[in-house]
Amino acid sequence: MENQVLEIIKKRRSTRIFLDKPIENESIHTIIEAGCYAPSGYNRQPWFFVVISNKEILDKLSVETKQSLKLSNNEHLQEVGNNPNFHVFYNAPTAILVCGDESDSLYTSHCSVATQNMLLAAESLSIGSCWIGVINSFSLDKNNKKLIEEYKEKFKIPNNYKISHAIALGYRKNEIAKASPRKENVYTIIK
Ligand SMILES: Cc1cc2nc3c(=O)[nH]c(=O)nc-3n(C[C@H](O)[C@H](O)[C@H](O)COP(=O)(O)O)c2cc1C
């Protein structure tokens, strides 16, 4: 039998088509717990997670992120922002905003390691997920300062914490293809 962790790692694929079916609270708690058990420098655990299962809020965040994408300097991102069919969270029933302590120079690493734990925990529960990096166009956009402050207050995000990225979560509508073959020759083993 294959190693169970490796099996989940290989099975996880980004999901972008979700069923309109809510995720049970217990599963949400398991996913968050997995994030909280990620390693962190000096065990600081400098993360904060906002779980949003409110369609209106997710739609609004999607529209606002697309607005920032439209204003970006990158042609591809502009195209994404202008695509009327694109939803930043792919209409997933739930998204988690992964926030990190800005005063920690490694905050994006900390948010990332917690995120991967959450993606794998979701997979172990047969819940699909997608890492949503584009939301940083929203969180880094200087035009959104006031809006972000309002969200931080509403979502109880600690003062010097910043939204690093997000995770879309939900049950998959379709079976997903196996992962493509991995690149070879990406390591050396020295003895
Ligand atoms: C840092 C990071 C940012 C990402 N941002 C996005 C994103 O904004 N939107 C999206 O659809 N997928 C995003 N992804 C998912 C990648 O596109 C996906 O992981 C990659 O294509 C490999 O496919 P797989 O996850 O199915 O193995 C992101 C992944 C990472 C690690």
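Residues numbered from 1 in each chain as written. Predicted model: local features only at pLDDT ≥ 70, side-chain atom pairs only at ≥ 80, totals over all residues.

Two orientations exist for strands paired in a sheet by backbone hydrogen bonds: parallel and antiparallel. If you walk across this open sheet you meet the four strands as β1-β2-β4-β3, and the pairing is antiparallel. The sheet is open, and its two edges are formed by β1 (47–52) and β3 (128–132), each paired on a single side. The average undirected angle you get between the axes of adjacent strands in this sheet is 25°. Sheet analysis places β3 next to strand β4 (residues 161–170), joined by five bridges and oriented antiparallel. Across the sheet, the residue bridging to Cys-130 is Ala-168, located in β4. (Pairing = 2+ DSSP bridges. Helix = DSSP H or I, 4+ residues; strand = E, 2+ residues; numbered from the N terminus. Axes fitted to C-alpha atoms, helices over the stretch in contact; angles between N-to-C directions.)

Let us now look at the packing of helix α1 (residues 4–11) against helix α5 (residues 107–124). At a minimum axis distance of 9 Å, the contact between α1 and α5 shows a crossing angle of 95°. In terms of their interaxial angle, α1 and α5 are classed as roughly perpendicular. Across from Ile-8, Ile-9 and Lys-11 in α1, the residues of α5 making contact are Leu-120, Glu-123 and Ser-124. (Parallel < 35°, antiparallel > 145°, perpendicular 65-115°, else oblique. Contact = placed C-beta atoms within 7 Å.)

Quick look at the pairing of strand β2 (residues 94–101) now. Burial analysis of β2 places eight of its eight residues in the buried class, the great majority of the element. Along β2, one buried face is formed by Thr-94, Ile-96, Val-98 and Gly-100 and the opposite face, lined by Ala-95, Leu-97, Cys-99 and Asp-101, is buried too. Strand direction decides the pairing type here: β1 and β2, joined by six bridges, are antiparallel. Within the sheet, the bridge partner assigned to Phe-49 lies in β2 and is Val-98. (Buried ≥ 20, exposed ≤ 12 C-beta atoms within 10 Å, placed from the backbone.)

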